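In case you want the letters, here they are:
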Amino acid sequence: MMLLDFFYSASIFVLSILLFRAIYTTKNRRLRLPPSPFGLPIIGHLHLLGPKIHHSFHNLYKRYGPIFHLRLGSNRCIVVSTPELAKEFLKTHELDFAYRKNSSAISLLTYHVSFAFAPYGPYWKYIKKITTYQLLGNRNLTHFEPIRRLETNRVLYDLMVSSKHGKSVNLTEEMIKLTSNIISQMMLSIRCSDTESGATNVRNVIRDVTELFGEFDVSDIIWFCKNTDLQGIKKRANGIHERYDALLEKIISDRERTRIVEKKNSGAGGGSGDGERNDFLDILMDAMEDDTSEVKLSRNHIKAIILDFLTAATDTTAISLEWALSELINNPRVLKKAQEEINNVVGNQRLVKELDTPNFPYIKAIIKETFRLHPPIPMVIRKSANDIQVAGYDVPKNTMLFVNIWSIGRNPSYWEKASEFSPERFLADTDGGGLSHMDINGQYFELMPFGTGRRGCPGMPLAMQELPTVLSLMIQCFDYIPLDFKGEKAERVMDMSERPGLTAPRANELMCLLKPRIDLPNLLGNVKGE
Ligand code: HEM
């Protein structure tokens, strides 16, 4: 009886596969699609993906070549893994792929009006303009320099105290604390680390949102699960949304009251009335109150855009720092050369400043090399807006595009000694060779950690102010002794693996003992006293 049952189930399974293949193949016969592995009914190629999707795509690239197509449940996807194809899709067909697909959880969390997931249209263009010229424009970046300096000094101070007491430090946590404090002050004029005013709750919400962003929701992928919540993701999203909404509602209401008082005091007819603050909340509230603006913003727009920026800015920059430090610890030769560069330019009688960093070509090369091996966002993910033809293949409307920048960065066809951490490759060599010309602003498709084109990262100017300065200070101020899982001193950072998700942070936090290299108590002064 059991044997009969088995044969019965097996026959149904095989028949359904054949039926599915017949239907799917007929449907696709008219289309010229890129190569594809054998797929299963309903789930398509989901079974081929591990938790680190960019690793799975890299393995599939080795078998199916630089362009292949997959079906993830009911979503059609194209994966490309070479700079040439990345250019073809993201530059030649830029406008066709200037869209993203969002999940139900993201849509719910961002009030259905996210900027980062908005279609390429008037709303996206309007916020992009405000972002480029106001929030992250040169004037505002300069305006917030003292905040960046103060926050960095605060972290250095905490690290110095720990090192004095021989206490281990969690560098991953310290870098996240730093980047979240900087961005929350630029956005809302609050510090995530302050326990009063619910600011720590903002940090917790950012963490929860980032986690949720990285999860695959079956109900978004399998059509007949559309209205279910098998993994409880929608329930969690609802909970986070309520917490975030309550927090932001309070922050916005408080700000409305402050703005009224400021306007009365200054006698101004409009605007924030406070030339000092100039944070993103003020900029967006000015836009909301402007009856002549080209797009009418609501309170929900403001909340959504702030969430977009808080989540996009915090982890990405911190991830770059933790990987750069891990690689430096594991490559003492590189660390020593970087220390020498700083010593030659700045010495040890003062701390590095933002304005020094253009004089650090080697540190700049270290950052590029870190991005090559550890892009914080390992894939540029877009969606096609129309039925089009690219690279000789048909790409139907709504196809998801994955450009695997992690895979491109490790491909020996494009990089000599691809697995080695060697910043020297980005320096000009004596006969004028080298890749010193290769920038990270989206013009070189071999190395594009910030994506490319109109939809490229608007936060790059801020990230590229923070990263070289913080990294240089960490190099100038300390020597590092990594700790293993048991908290014992180790020769090197043993575990260099990544955590699953849409970003690629270290799987395990970076724990170290620090030894100060310079007279920090004198140079920092009483940072905690401000
Ligand atoms: C090392 C730091 C960072 C890295 C590596 C990074 C990387 C990226 C990448 C790869 C994209 C997708 C680009 C594309 O599709 O072509 C992106 C988008 C985005 N990033 Fe960043 N980012 C970083 C820091 C920041 C910061 C500091 C902010 C905000 C201040 C920010 C805000 C955004 C936003 C809002 C988007 C969506 C843009 C859109 O859809 O138009 N990012 N980022």
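Whatever comes next refers back to the structure up there.
In short, a report on the structure. (Residues numbered from 1 in each chain as written. Predicted model: local features only at pLDDT ≥ 70, side-chain atom pairs only at ≥ 80, totals over all residues. Heavy atoms only, no water.)

With respect to the coordination of the iron atom of the ligand
Part 1 of the argument: Looking at the protein side alone, the iron atom of the ligand has one donor only, Cys-457 (SG), at 2.3 Å.
Part 2 of the argument: Along the chain, the position of Cys-457 falls in the loop between helix H16 (405–409) and helix H17 (460–477). (Donors = N, O, S within 2.8 Å, 3.2 Å for Na, K, Ca; no water. Helix = DSSP H or I, 4+ residues; strand = E, 2+ residues; numbered from the N terminus.)

Observations regarding the sheet that holds strand S3 (residues 169–170)
Note: strands within a sheet are paired through backbone hydrogen bonds, in either parallel or antiparallel orientation.
Part 1 of the argument: Strand order across the open sheet formed by three strands is S3-S9-S8, with antiparallel pairing between neighbours. On the outer flanks of this sheet lie S3 and strand S8 (478–482), each paired with one strand and no other.
Part 2 of the argument: The pairing of S3 with strand S9 (residues 511–516) spans two bridges and is classified as antiparallel. Note that in S9 the partner of Val-169 across the bridge is Cys-512. (Pairing = 2+ DSSP bridges.)

A few points about the environment of Asn-398
Part 1 of the argument: Tracing the chain through its elements places Asn-398 in the loop between strand S6 (393–395) and strand S7 (400–404).
Part 2 of the argument: For the pair Asn-398 and Lys-177, spaced 221 residues apart in sequence, the C-alpha to C-alpha distance is 38 Å.

A look at the environment of Tyr-414
Part 1 of the argument: With respect to the element layout, Tyr-414 can be found in the loop between H16 and H17.
Part 2 of the argument: Residues Tyr-414 and Leu-321, spaced 93 residues apart in sequence, show a C-alpha to C-alpha distance of 25 Å.
Part 3 of the argument: Leaving out residues up to four positions away in the same chain, Tyr-414 has contacts with Thr-82, Pro-83 and Glu-84. (Contact = heavy atoms within 4.5 Å.)

Some details on the pattern of salt bridges
Part 1 of the argument: Summed over all chains, the structure comprises 28 salt bridges.
Part 2 of the argument: Across the pair Glu-289 and Arg-259 runs a salt bridge whose closest N-O atoms are separated by 3.0 Å. Note that Glu-289 is positioned in helix H12 (residues 280–289) and Arg-259 in helix H11 (residues 233–266), a separation of 30 residues in sequence.
Part 3 of the argument: Here the salt bridges do not stand alone but share partners, grouping Arg-255, Arg-259, Lys-263, Asp-279, Asp-282, Asp-286 and Glu-289 into one network. (Salt bridge = Lys/Arg side-chain N within 4 Å of Asp/Glu carboxyl O.)

Focus on the site of the ligand
Part 1 of the argument: Around the ligand, a shell composed of 28 residues is seen, among which Arg-100, Trp-124, Arg-382, Arg-455 and Cys-457 lie nearest.
Part 2 of the argument: In the model, an oxygen atom of the ligand is placed 3.2 Å from a nitrogen or oxygen of the Thr-452 main chain.
Part 3 of the argument: One of the side-chain N or O atoms of Arg-455 is found 3.0 Å from an oxygen atom in the ligand.
Part 4 of the argument: Of all the secondary-structure elements, those providing two or more residues to the shell around the ligand are helix H13 (299–330), strand S4 (379–383) and H17. (Near = heavy atom within 4 Å. Polar contact = N/O pair within 3.5 Å; in protein donor to acceptor, adjacent residues only side chain to side chain.)

Comments concerning the side chain of Gln-339
Part 1 of the argument: Within the secondary structure, Gln-339 sits in helix H14 (residues 332–345).
Part 2 of the argument: For Gln-339, a relative accessible area of 12% translates into the label buried. (Buried < 20%, exposed > 50% of the residue type's maximum accessible area, 1.4 Å probe, protein only.)

A closer look at the packing of helix H7 (residues 145–164) against H17
Part 1 of the argument: Packing of H7 against H17 brings their axes to within 11 Å, and their N-to-C directions diverge by 30°. The orientation of H7 with respect to H17, classified from their angle, is roughly parallel. In this structure, H7 meets H17 at a crossing whose hand is right-handed. Contacts between H7 and H17 involve Arg-148, Thr-152, Leu-156 and Leu-159 from the first element and Leu-462, Gln-465, Glu-466, Val-470, Leu-473, Met-474 and Cys-477 from the second.
Part 2 of the argument: Per-class residue counts for the contact of H7 with H17 are seven nonpolar, two polar and two charged. (Axes fitted to C-alpha atoms, helices over the stretch in contact; angles between N-to-C directions. Parallel < 35°, antiparallel > 145°, perpendicular 65-115°, else oblique. Left-handed = near helix turned anticlockwise from the far one by under 90°. Nonpolar A, V, L, I, M, F, W, Y, C, P; charged D, E, K, R; others polar.)

A closer look at the packing of H11 against H13
Part 1 of the argument: One can describe the packing of H11 onto H13 by two numbers: an axis separation of 11 Å at closest approach and a directional angle of 115°. By the angle between their axes, H11 is roughly perpendicular relative to H13. In this structure, H11 meets H13 at a crossing whose hand is right-handed. When H11 is examined against H13, the residues Tyr-244, Asp-245, Leu-248, Glu-249, Ile-252, Ser-253 and Glu-256 are found in contact with a partner set consisting of Arg-299, Ile-302, Lys-303, Ile-306 and Leu-307.
Part 2 of the argument: Classifying every residue of the contact of H11 with H13 gives six nonpolar, one polar and five charged.

Structural notes on unusual backbone geometry
Most peptide bonds take the trans configuration, and most residues that are not glycine carry a negative phi.
Part 1 of the argument: Phi is positive for Ser-189, which is not a glycine, with a value near 60°.
Part 2 of the argument: In this fold, Ser-189 is placed in the loop between helix H8 (171–188) and helix H9 (199–213).
Part 3 of the argument: For Lys-417, which is not a glycine, the phi torsion comes out positive at approximately 40°.
Part 4 of the argument: By the element assignment, Lys-417 lies in the loop between H16 and H17.

Quick word on the packing of aromatic side chains
Part 1 of the argument: All told, the structure shown has eleven aromatic pairs when counted by the stated rule.
Part 2 of the argument: Ring centres of Phe-57 and Phe-68 lie 6.4 Å apart, and the angle between their planes is 75°; this geometry places the pair in the edge-to-face category. Taken together, the residues span a long stretch of sequence, with Phe-57 in helix H2 (residues 53–64) and Phe-68 in strand S1 (residues 67–72) at a distance of eleven residues.
Part 3 of the argument: Take Phe-68: its relative accessible area is 0%, and that puts it in the buried class.
Part 4 of the argument: Above the plane of the ring of Trp-415 lies Arg-372, whose end atom (NZ or CZ) is 5.3 Å from the centre.
Part 5 of the argument: In this structure, Arg-506 packs its charged tip against the face of Trp-323, placed 5.5 Å from the ring centre. (Phe/Tyr/Trp six-rings, centres within 6.5 Å; stacked < 30°, edge-to-face > 60°. Lys NZ or Arg CZ within 6 Å of the ring centre and 35° of its normal.)

Limitation: the analysis is restricted to geometry and does not speak to function.
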